[in-house]
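Below, each chain spelled out in residue letters.
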Amino acid sequence: MHSQHLLIVIIVGSGTLLYLGKLNSDQNDRNAFINSVQKSLKCRNLRERLLTMSTMKTVDIALFTQGVSELMDCPWRLNLTHRELQRTELWACCNASDKLMVTRQNTNLHQSLIYEAERSNKKLVDQSLWEMLPKSLRWNKKGLLGRCAVVGSGGILNNSSCGEEIDSADYVIRFGLAPINQTVDRYGIDVGIKTDLVSANPSQILNGYRDLQKNPGPLTERLSVYGHAQLYHALHNGRPQNEVVFLHPDYLFDLARFWHNHEEKIKRLSTGLILTSAAMEICEEVHLYGFWPFALDLSQNPVSHHYYDNVGSTAFHSMPEEFLLLLKLHTKGTLQLHLGHC
């Protein structure tokens, strides 16, 4: 007895061929196929809806997080065209490959650097500052970095078990001296320990370590958990005793202008968006963890602001608007957001 097959062709949208093939007439096969098609259509509609959003100001956060949760259940695929287009645009405007940090290669002794936010203020590169600068960027002679993990500090990382996946990346970026622990505790399980670059805000250094010149020990001890990672510190008059690198103010100014031209709702860029932008230029793959600016997680449960405390941020940055931008980049296949259990 010959088995029966059903030839199925489905056309969606403007003549797009979704599926062409033979399907056994068995009921289970038909149901599985129909469910697969329905999920594909649902995911396509979710992506289209998110890409048309222009702002978060009038959004119902509960409905939005539900949509994000459904999107996270959709398969993510790297889109080489979008990734390379984004890389090219960022390189053309800002050139993190050569200008992300102040180095002896891109800055001269006794040169005056203009602050990115206060263009009337300048910083003289004197001998003491010059001696702190690296000769060149670590990656500009090696080509692109491989798989990069950019680790935010959102409370959504708690109970995520993402630590092992984060530590498997070729290059790991963290922010705000976020705590990690080299023992196998909850922090290590959820956020990992590997660190190649960690940022510190000027206020963290100046307010948290007021007697730094005479007593650098507390800061040195805090930094010790990051191993040999570079410490990014905003260009400032304060001079930590530890070896630091400074983001180049020209890069920051050009990057802010770039994103403001594309996303006018975003105010001053956060460190997260700055270093994610750099990663999109200098890394083969970009994976984001801990980027979540909302009070409820994907299951509508309360979530702390950070994985280590619940101290909120000021309105200085446009965190929901930045998240929408990152979500669109995820939807396009430029980078991948990780928001659930790893």
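Definitions and limits used
Residues numbered from 1 in each chain as written. Predicted model: local features only at pLDDT ≥ 70, side-chain atom pairs only at ≥ 80, totals over all residues. Heavy atoms only, no water. UniProt positions renumbered as here; feature names shortened; annotations may be inferred. Core = buried A, V, L, I, M, F, W, Y, C linked by side-chain atoms within 4.5 Å. Buried < 20%, exposed > 50% of the residue type's maximum accessible area, 1.4 Å probe, protein only. Helix = DSSP H or I, 4+ residues; strand = E, 2+ residues; numbered from the N terminus. Contact = heavy atoms within 4.5 Å. Axes fitted to C-alpha atoms, helices over the stretch in contact; angles between N-to-C directions. Parallel < 35°, antiparallel > 145°, perpendicular 65-115°, else oblique. Left-handed = near helix turned anticlockwise from the far one by under 90°. Nonpolar A, V, L, I, M, F, W, Y, C, P; charged D, E, K, R; others polar. Disulfide = S-S within 2.5 Å. Phe/Tyr/Trp six-rings, centres within 6.5 Å; stacked < 30°, edge-to-face > 60°.

In its Subcellular location (unreviewed entry) section, UniProt records this for the protein chain: "Golgi apparatus membrane". The UniProt entry for the protein chain carries this comment under Sequence similarities (unreviewed entry): "Belongs to the glycosyltransferase 29 family."

1. Digging into the nonpolar core
Among soluble globular proteins, nonpolar side chains are generally buried collectively. Formed by 55 residues in total, the largest nonpolar core has its most connected members in F64, Y251, W259 and W292. Within the residue set of this core, elements represented by two or more residues are α2 (61–72), β5 (145–151), β6 (171–174), α10 (249–262), α11 (271–282), β9 (283–289) and α12 (319–332). Not counting residues up to four positions away in its chain, the partners in contact with W292 are T65, V68, I156, D297, L298, V303, F323 and L339. Grouped together as the second largest cluster of nonpolar side chains are 30 residues, I166, A178, A200 and A229 included.

2. Observations concerning the packing of helix α3 (residues 80–93) against α11
Here α3 crosses α11 at 110°, and the two axes come no closer than 8 Å. Considering the angle they form, α3 stands roughly perpendicular to α11. The handedness of the crossing between α3 and α11 is left-handed. Of α11, the residues touching α3 (which contributes Q86, R87, L90 and W91) are S277, M280, E281 and I282. Looking at the contact of α3 with α11 residue by residue, the classes come out as four nonpolar, two polar and two charged.

3. Considering the state of the cysteines
Throughout this description, disulfide means a covalent bond between two cysteine sulfur atoms. Per the stated rule, a full pass over the model turns up four disulfides. What pairs with C93 in a disulfide is C94, and their sulfur atoms sit 2.0 Å apart. As the torsion about the S-S bond is roughly -70°, the C93-C94 disulfide counts as left-handed. Under the relative-accessibility criterion, C94 is labelled buried at 1%. Put simply, C162 and C342 are joined by a disulfide, and their sulfur atoms are 1.8 Å apart. The chirality of the disulfide connecting C162 with C342 is right-handed, given an S-S dihedral of about 80°. One end of the pair, C162, is in the loop between β5 and α6 (163–167); the other, C342, is in the segment after β10 (336–338), and 180 residues separate them in sequence.

4. Quick look at the packing of aromatic side chains
Taken as a whole and judged by the stated rule, the model has eight aromatic pairs. Their ring planes at 75° and their centres at 4.9 Å tell us that F258 and W259 sit as a pair that is edge-to-face. Accessibility expressed as a relative area gives 8% for F258, which makes it buried. Here W259 falls in the buried class, since its relative accessible area comes to 2%. Taking the centre distance of 5.6 Å and the plane angle of 85° together, the rings of F294 and F323 count as edge-to-face. Linking F294 in the loop between β9 and α12 with F323 in helix α12, this pair joins segments that are 29 residues apart in sequence. Of the residues examined, F294 reaches a relative accessible area of 9% and is grouped as buried. Connected via pairs of aromatic rings, a cluster forms that spans F64, W292, F294 and F323.

5. Details of the packing of α3 against α10
Two numbers describe how α3 lies on α10: the axes approach to 9 Å, and their chain directions differ by 130°. As summarised for this structure, α3 and α10 are arranged oblique, according to the angle between their axes. Note that α3 runs across α10; the crossing there is right-handed. On α10, the residues touching Q86, E89, L90 and C93 of α3 are D254, L255, F258, W259 and H262. In the contact of α3 with α10, the residues fall into five nonpolar, two polar and two charged.

6. Observations regarding unusual backbone geometry
Located in the positive-phi region is H110, a residue other than glycine, with phi close to 75°. We classify H110 as exposed; its relative accessible area is 55%. Even without being glycine, L177 reaches a positive phi, approximately 50°. Tracing the chain through its elements places L177 in the loop between β6 and α7 (186–191). According to the relative accessible area criterion, L177 is buried, its value standing at 0%.

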